[in-house]
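# Summary of the model geometry
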Amino acid sequence: MTEVNTSKNSLRRQSGLAHVINYGQFGNVTLNGPSLFICERHPLTILQLDTNKSKTLTDISNLLNVEFPHTNTCNGDDKRRILWLGPNRWLIVEPEHECLQTLINNEFNSSEVFLTDLSHGKSTVRLRGRNARDVLMKGSGVDWHLNSFGADYCAHTKLFDLAATVDCRDIDVFDIYIARGFAEDFWGTLVDAAAEFGYQVD
Amino acid sequence: MLIINCPLCGPRDHAEFTYVGDATKNRPKNGDSSNDNAWYDFVYLRDNPKGLHEELWQHSFGCRCFVKVLRNTLTHEIIATGMPKDNLILKEKGLELNV
Ligand SMILES: [Zn+2]
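### Let's talk about the coordination of the zinc ion
All names here are of chain B. The coordination sphere of the zinc ion contains the protein donors Cys6 (SG), Cys9 (SG), His59 (ND1) and Cys63 (SG), at a distance range of 2.0 to 2.4 Å. Relative to the metal, the four donor atoms surrounding the zinc ion lie at angles of 102 to 118 degrees, and the coordination shape comes out tetrahedral. All donor residues of the zinc ion come from one chain, and their arrangement in sequence is C-x2-C-x49-H-x3-C. Here Cys9 is found in the loop between strand E1 (3-6) and strand E2 (10-13), whereas its partner Cys63 is found in the loop between strand E4 (52-58) and strand E5 (66-72), with 54 residues between them in sequence. Comparing Cys9 with Cys63 shows no difference in burial state: the two are buried.

### As for the confidence of the model for chain A
Predicted confidence across chain A gives a mean pLDDT of 92, with 95% of residues reaching 70 or more. Note that residues 1-5 of chain A has pLDDT below 50 and, in this model, eleven contacts with residues that lie over four places away or in other chains.

### Overview of the environment of A:Pro43
When you line up the elements, A:Pro43 lands in the loop between strand E2 (36-41) and strand E3 (44-50). In this structure the C-alpha to C-alpha distance between A:Pro43 and A:Ile178, which are 135 residues apart in sequence, comes to 14 Å.

### Overview of the sheet that holds strand E6 (residues 78-82) of chain B
Residues and elements named next belong to chain B. The strand order across the open sheet built from four strands is E3-E4-E5-E6, with neighbouring strands paired in antiparallel fashion. Strand pairing shows two members of the sheet lacking a second neighbour, strand E3 (18-22) and E6, which therefore form its edges. Here the strands of the sheet are splayed against their neighbours by 30 degrees on average, with no regard to which way each runs. Of the pairings in the sheet, the one linking E3 to E4 comprises four bridges and is antiparallel in character. Its bridge partner being in E4, Gly21 is matched across the sheet by Leu56.

### Remarks on the sheet that holds strand E12 (residues 199-201) of chain A
Residue and element names in this part refer to chain A. Strands sit in the order E1-E12-E2-E8-E11-E10-E9 across an open sheet of seven strands; the sheet is mixed. Bordering the open sheet on either side are strand E1 (24-26) and strand E9 (154-159), each of which pairs with just one other strand. Averaged over all neighbouring strand pairs, the angle between strand axes comes to 25 degrees, with direction disregarded. Bridging between E9 and strand E10 (residues 162-170) involves six bridges; their strand directions are antiparallel. Bridged to Lys158 within E10 is Ala163.

Cut-off values and rules
Residue numbers run consecutively from 1 along every chain, following the written order of its sequence. By the order in which they are written, chains take letters starting at A while ligands take numbers starting at 1. Reporting in this predicted model follows two pLDDT cut-offs: at least 70 for local features of residues, and 80 or more for side-chain atom pairs to be given and counted; totals over whole chains, interfaces and linings ignore these cut-offs and use all residues. As a convention, hydrogens and water are excluded, and side-chain values are obtained from all of the structure's heavy atoms. Metal donors were taken as nitrogen, oxygen and sulfur atoms no farther than 2.8 Å from the ion, or 3.2 Å where the ion is Na, K or Ca. Water is excluded, so coordination may look unfinished. Metal sites are grouped by the angles between bound donors: all angles between 85 and 135 degrees with four donors is tetrahedral, opposite donors over 155 degrees apart with the others between 65 and 115 is square planar for four donors and octahedral for six, and any other pattern is irregular. Note on conventions: DSSP H or I runs of at least 4 residues are helices, E runs of at least 2 residues are strands, and numbering of each starts at the N terminus. Relative accessible area decides the class of each residue, using a 1.4 Å probe on protein chains only: under 20% of the type maximum gives buried, over 50% gives exposed, and in between gives partly exposed. Scored from 0 to 100, pLDDT records how confident the predictor is in each individual residue. We call two residues in contact when some of their heavy atoms are within 4.5 Å. For two strands to be treated as a pair, DSSP must find no fewer than two bridges joining them. Here an angle of 0 to 180 degrees is reported between the N-to-C directions of two axes, which are lines fitted to C-alpha atoms, with helices fitted over the stretch in contact.

Right under this line is the structure:
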């Protein structure tokens, strides 16, 4: 995985998973090919935003061109995405290309908006394929059925005993955010859980 | 496995929650030494009821909110959940707090 450094003032992002990822097909891959695809999303800018001022929230939303989502949901696309984390708390995620923190801080009063840069502290794994929900089911008691957890839903839960944020990007596509320090452990457990279905690491 | 219905996140495994304690205890209004008995009661004294108990849990692996839970300490049945300000006993009419 190539490292990119585009924002002037930030430190070079290092993948927390690069040294454990083996590319290729593994597990019970049938003639139909793997039913799961796993990859790391990297490098990402990940900011936690806390504010209880609804006017400020609307202004930031206009600046970012993404609406702030309601409880248990997400808004946006791969270019910029906002996830609901809890009351008055959101996660803003985008592929790193500018210093988003500076962009927001320049526009808004810092006593009203609290931004925490989690880019270095999180690892993001994308899990997709027809058995993705089966893998999630092995790791957490959340109701992962499509009727309860469809596209643009998110959940903060204990996944394989680790604190994780799961964002349903599409029916069978999930972005999983975990603490970087546990990413290696998480990766090992995830590929173990995926092995019975056959998976491909991209 | 106990399922606790977080008022924000929905039904979740109890392992995502941290037990906080008795939700029936109210913090004394002032810190005067004349209020020592009330503080002693608030900080240290806990009943050990057999039956319904209102308690606080924190959804620490989820939204991080405090959740009030009405639980039967004998059967572990969770009868109702709500926000900390909710009075679950009143909500569940006909149930008597067994303390
Ligand atoms: Zn919750």
